[in-house]
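Residues per chain are reported as follows:
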Amino acid sequence: MSKKTFPARFEFLDEIRDLVAQIAREGGFTEKVIYSLQLAADEAASNIIEHAYEGISDASIDINCDMEGDLFVITMRDTGLSFDPSKVKKPDLKADLSDRQIGGLGVYLMRKLMDEVSYASNPKTGNLLTMTKRRG
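As the structure is a computational prediction, the values presented were derived from the model and not from experiment.

Asker: Got a minute to help me understand helix α1 (residues 13-26) in this structure?
Answerer: Helical geometry note: an α-helix holds 3.6 residues per turn, so side chains three or four residues apart project in the same direction. Compared with the 20 Å implied by 1.5 Å per residue over 14 residues, the 20 Å span of α1 between its first and last C-alpha is a close match. Among the residues of α1, those classed as buried are L13, I16, L19, V20, A21, I23 and A24. Structurally, α1 contributes buried residues whose contacts are with β1 (2-7), α2 (31-52), β2 (60-68) and β3 (71-78). Count one or two residues on from α1 and you reach G28, which has phi positive near 90°.

Asker: Could you clarify how one ought to interpret the environment of D66 in this entry?
Answerer: Structurally, the position occupied by D66 is in strand β2. Given a relative accessible area of 17%, D66 falls into the buried group. As for D66 and I23, which are separated by 43 residues in sequence, their C-alpha atoms are 6.9 Å apart.

Asker: I would appreciate a short explanation of the packing of aromatic side chains in the present structure.
Answerer: The description of two aromatic rings rests on the distance between their centres and on the angle between their planes. With the rule as written, the count across this model stands at 2 aromatic pairs. Both rings, one in F29 and one in F72, keep their centres 5.8 Å apart while their planes meet at 70°; by these two values the pair is edge-to-face. You can see F29 sitting in the loop between α1 and α2 and its partner F72 sitting in strand β3, a full 43 residues away along the chain. The two residues F29 and F72 agree in class, both being buried.

Definitions and limits used
- Residues numbered from 1 in each chain as written.
- Predicted model: local features only at pLDDT ≥ 70, side-chain atom pairs only at ≥ 80, totals over all residues.
- Heavy atoms only, no water.
- Helix = DSSP H or I, 4+ residues; strand = E, 2+ residues; numbered from the N terminus.
- Expected span 1.5 Å × (residues − 1).
- Buried < 20%, exposed > 50% of the residue type's maximum accessible area, 1.4 Å probe, protein only.
- Contact = heavy atoms within 4.5 Å.
- Phe/Tyr/Trp six-rings, centres within 6.5 Å; stacked < 30°, edge-to-face > 60°.

Below is the structure:
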């Protein structure tokens, strides 16, 4: 298990991606899948930084990466603003680029790249995002 706390700033995304890659490699994932895991983690952390902690400069994100049997599990905990992922509209990927809404692909990408994505918010413990990917 690898648990680490990162400052909630964009300049720490490389370190978050490195942590994900290290644990995924140890878990026997291919480089192609590792890239997908890193992208999902990057999107999740970016959303936390940009939306949950909007305007807050001294916040942090607790990230845990772990292999549970054949499952790679990434959890991210923050104490920022909560949100309702069920209200995130599926993007219209067929729309002309000039007609597309800016943003909104992060949650879509996380759901596409991972086998399971869940989110829970608790006023006392904060927000918890859990993403899992099965090996093989």
